[in-house]
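Each chain, written out:
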Amino acid sequence: MAKIIFFLAVQILLVAAVSSTGDDEEHFARTIDRKLLGLHKKEKLTHFKVYWHDILSGPSPSSIRIQPPVVNSTTYFGGITMIDNALTAKVEMNSTLIGQAQGFYAGAAQKELGFLMAMNFAFKTGKYNGSTITILGRNTAMSEVREMPIIGGSGLFRFARGYVEARTKWLNFKNGDATVEYSCYVLHY
């Protein structure tokens, strides 16, 4: 309870400090005390593993192609797929739901199966409920291990940075459905 009161007090002070700056165009930015945002604390390194379920088939897909690839592309080049994929605790789709991976992937390589991945992992359970991490990077999908950067986060992952390692656990070549293990290493306050 004391943490919540302290957090609210800091937020009120921050809002008061920002609102008192006025509309002076010459002073649109200022340096603030790191303590106001909780940045004086020692950073934590959190590791967790989730399973990302990309379902393109069936009556209720979690991934929808919004832009087809260019004609005659064997690498999905130019294709864009929006996702709202389940993140689970184990490989099985019916295991505990941890959250959702929301964003898109786009075919960005002409000579190999390579995607630009832009997604948020939005956590829905436990200690991290309501928090997110943002992943933006290159995914060469046929490589055994793919590394992508974590470029930010929200909630308990504010000011997050780190990386994820993606490993395909299951892939249906006929319909494109896949399960990918994401091992996440996150530095945060």
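Read on for a plain summary of the structure. Because the structure is a prediction, the values reported are computed rather than measured.

Taken as a whole and assessed by the stated rule, the structure comprises five salt bridges. With a closest N to O distance of 3.9 Å, Arg167 and Glu181 form a salt bridge. Of this pair, Arg167 sits in strand β8 (residues 161–171) while Glu181 is found in strand β9 (residues 178–188), placing the two residues 14 residues apart along the sequence. Take Glu181: its relative accessible area is 7%, and that puts it in the buried class.

Here is a general trend for soluble globular proteins: nonpolar side chains tend to be buried in one another's company. Trp52, Met119, Phe121, Ile133 and Tyr182 are the most contacted members of the largest nonpolar core, which totals 27 residues. Of all the secondary-structure elements, those providing two or more residues to this core are β1 (44–54), β3 (80–88), β4 (97–107), β5 (114–123), β6 (132–140), β7 (146–154), β8 and β9. Of the residues forming this core, the biggest block, five residues, is contributed by β5. Beyond its immediate chain neighbours, meaning those up to four positions away, Met119 contacts Trp52, Ile83, Ala101, Gln102, Gly103, Ile133, Thr134, Ile135 and Tyr182.

Quick look at the pairing of β7 now. Bridging between β6 and β7 involves four bridges; their strand directions are antiparallel. Note that in β7 the partner of Thr132 across the bridge is Ser154. Connecting β6 to the antiparallel partner β7 that follows it, the hairpin turn spans five residues. Two elements, β7 and β8, share five bridges in a ladder whose sense is antiparallel. When the sheet's bridge partners are listed, Ile150 is paired in β8 with Gly162. Linkage of β7 to β8, two consecutive antiparallel strands, is achieved through a turn of six residues, within which Gly155 is found at a positive phi near 65°.

For the structure shown, the criterion picks out ten aromatic pairs. What links up through ring pairs into an aromatic cluster is the set Trp52, Tyr76, Tyr105, Phe115, Phe121 and Tyr182.

There is a polar contact of 3.1 Å between the side chain of Glu181 and the side chain of Tyr51. What Glu181 contacts, discounting residues up to four positions off in sequence, is Lys49, Val50, Tyr51, Glu165, Ala166, Arg167 and Lys169.

This brings us to the side chain of Asp177. With respect to the helices and strands, Asp177 occurs in the loop between β8 and β9. Buried Asp177, no salt bridge; nearest opposite-charge side chain is Arg65, N-O distance 11 Å. A distance of 2.7 Å separates a polar atom in the side chain of Asp177 from the backbone nitrogen of Leu56. Looking at Asp177, its side chain comes within polar contact range of the side chain of Ser57, at 2.6 Å. Not counting the four nearest positions on each side in its chain, Asp177 is found in contact with Asp54, Ile55, Leu56, Ser57, Trp170, Leu171 and Asn172.

The next thing to look at is the environment of Asn129. By the element assignment, Asn129 lies in the loop between β5 and β6. In this structure the C-alpha to C-alpha distance between Asn129 and Gly155, which are 26 residues apart in sequence, comes to 8.6 Å. The residues contacting Asn129, other than those within four sequence positions of it, are Phe123 and Lys124.

Pairing of β8 with β9, which is carried by ten bridges, proceeds in the antiparallel orientation. Following the sheet pairing, Glu165 is matched in β9 by Ser183.

Scoring rules and cut-offs
Residues numbered from 1 in each chain as written. Predicted model: local features only at pLDDT ≥ 70, side-chain atom pairs only at ≥ 80, totals over all residues. Heavy atoms only, no water. Salt bridge = Lys/Arg side-chain N within 4 Å of Asp/Glu carboxyl O. Helix = DSSP H or I, 4+ residues; strand = E, 2+ residues; numbered from the N terminus. Buried < 20%, exposed > 50% of the residue type's maximum accessible area, 1.4 Å probe, protein only. Core = buried A, V, L, I, M, F, W, Y, C linked by side-chain atoms within 4.5 Å. Contact = heavy atoms within 4.5 Å. Pairing = 2+ DSSP bridges. Phe/Tyr/Trp six-rings, centres within 6.5 Å; stacked < 30°, edge-to-face > 60°. Polar contact = N/O pair within 3.5 Å; in protein donor to acceptor, adjacent residues only side chain to side chain. Lys, Arg positive; Asp, Glu negative; His and termini not counted.

Taken by themselves, the reported measurements are silent on function.
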